[in-house]
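Summary of structural features
Letter by letter, the chains look like this.
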There are 2 protein chains.
Amino acid sequence: MTEQTGRRRTADQTRAVILTAARERFAADGYERATIRSIAADAAIDPAMVMRYFGSKEKLFAAAAEFDLRLPDLTELPRDELGARLVEHFLDRWEGDDTLMALLRASVTNEAAAERMRQIFAGQLGPLIAHLHPGDAGDPAAAVRAGLLATQTLGLALCRYVLPIGPVADLPRATVVAWIAPVVQRYLIAPDPTA
Amino acid sequence: MTEQTGRRRTADQTRAVILTAARERFAADGYERATIRSIAADAAIDPAMVMRYFGSKEKLFAAAAEFDLRLPDLTELPRDELGARLVEHFLDRWEGDDTLMALLRASVTNEAAAERMRQIFAGQLGPLIAHLHPGDAGDPAAAVRAGLLATQTLGLALCRYVLPIGPVADLPRATVVAWIAPVVQRYLIAPDPTA
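Residues numbered from 1 in each chain as written. Chains lettered and ligands numbered in written order. Predicted model: local features only at pLDDT ≥ 70, side-chain atom pairs only at ≥ 80, totals over all residues. Heavy atoms only, no water.

Going by the annotation in an unreviewed UniProt entry, the name recorded for chain A is TetR family transcriptional regulator, with Kribbella amoyensis given as the source organism.

Description of the relation of the copies chain B and chain A
Taken together, a rotation about one axis and a shift along it account for how the two chain copies relate. What counts, and what does not: Copy-to-copy superposition: least squares on the C-alpha atoms, limited to residues that have pLDDT of at least 70 in both copies.
You can overlay chain B on chain A at an RMSD of 0.0 Å; the transform is a turn of 180° with a shift of 0.0 Å along its axis. Put plainly, the chains are arranged around a two-fold axis. Ranked by how close their C-alpha atoms come to the rotation axis, the residues of chain B are headed by Gly155 of chain B, at 1.8 Å.

A word on the environment of Asp192 of chain B
All names here are of chain B. Heads up, the condition is: Strands here mean DSSP runs of E at least two residues long; helices mean DSSP runs of H or I at least four residues long; both are numbered from the N terminus. Each residue is assigned to one of three classes by its accessible area relative to the maximum for its type, calculated with a 1.4 Å probe on protein chains only: buried under 20%, partly exposed between the two thresholds, exposed over 50%.
Structurally, Asp192 is set in the segment after helix 10 (173–189). Under the relative-accessibility criterion, Asp192 is labelled partly exposed at 34%. The sequence separation of Asp192 and Ala169 amounts to 23 residues, and the corresponding C-alpha distance is 31 Å.

Digging into the packing of aromatic side chains
Just so we agree on the cut-off: Here the aromatic set is Phe, Tyr and Trp, taking the six-membered ring for Trp, and pairing holds for ring centres within 6.5 Å; pairs whose planes are under 30 degrees apart are stacked, those over 60 apart are edge-to-face, and all others are tilted. Over a ring means this: the NZ of a Lys or the CZ of an Arg is within 6 Å of the ring centre and within 35 degrees of the ring normal.
Evaluation of the coordinates by the stated rule reveals 14 aromatic pairs over all chains. Here Tyr187 of chain A and Trp179 of chain B contribute two aromatic rings whose centre-to-centre distance is 6.1 Å and whose plane-to-plane angle is 65°, an arrangement assigned as edge-to-face. With one member in each of two chains, Tyr187 of chain A in helix 10 (residues 173–189) and Trp179 of chain B in helix 10 form a pair that bridges those chains. Trp179 of chain B shares its class with Tyr187 of chain A; the two are buried. A centroid spacing of 5.0 Å and a plane angle of 85° characterise the contact between Phe26 of chain B and Phe61 of chain B, whose relative ring orientation is edge-to-face. Of this pair, Phe26 of chain B sits in helix 1 (residues 11–33) while Phe61 of chain B sits in helix 4 (residues 57–64), placing them 35 residues apart in sequence. Each member of the pair, Phe26 of chain B as well as Phe61 of chain B, is classed as buried. Through successive ring pairs, a cluster of aromatic residues spans Phe90, Trp94, Phe121 and Tyr161 of chain A. The positively charged end of Lys57 of chain A is found above the aromatic ring belonging to Tyr31 of chain A, 4.6 Å away from the centroid.

Okay, here's the thing in structure tokens:
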């Protein structure tokens, strides 16, 4: 075991310190305005060291924007609580971690960030939703439901955390859940209105 | 009346040409990456002329991002068609004009753009919604409904036009309306679930 001092870090610890600073900086400033220099300063590390660890701002962003929604197994939740549980889970994940804010700020102008966002929402959510509809047409329909869920949850994040729009940012958490859970429930399990 | 030639424009025409180029460029590149130089090149105008007309990139953006949602009088629409009519109206406004795309791309990192977005969604939508609830608590409740509407409609725009997320971008217009109209309807007129 390594002795911990203020001046000595393992490579993994240095990576972690840089990634934390990067997430905060990308979340606060967006991709274009965040710089290796400012991230290095936040991490109290030489910019050359940041470059040695990650190679470029693009690669640093890719590493910082790894994100697991850590979705619960939806088939194990009571069916009429799916919407509320997912809204609460989403608020927890958003508020507990700067990564989604960094991703959303970057994804409107940066293709790598947009692709990561697609992977998170389509890639992680789609298969879970497919399990809720075992008799259905399957993956294409589940991908549409995952996408619709993204419209509501990313729109909520945009208006509550990013812009923010006052009346949405100020809503108590329980009120957010009360308004939005039925919408999420609709996208998860309501019959296809065009079928 | 001024004779029109390829080389002669009135000041209003020059302004209009610059603003069109600016909207397209801000929409495509986002606020940070768009430059006076690139906008001037698109407009086939000297960058110094763009500066003479607008003074700075910030002021050019402010002028380019003037936007009227041109919302219909909601009280004159059949109550059970409100959601569908608003979703269709929103898709029309989004697809017919680069301004909202420019605003959404800019608003995640630029405070002036975020403020404009708040004015459009809270300022233009809130009072119209208040008219749907004449007996209600009034403006604060209407502002919450306008904000919730923004979460769904901006989230839809984000996923359909900006990122885009394939399954949402590829949905036929009628399918978008079928899925999302009941959600918009909910935010406009459903009883407050916390009341």
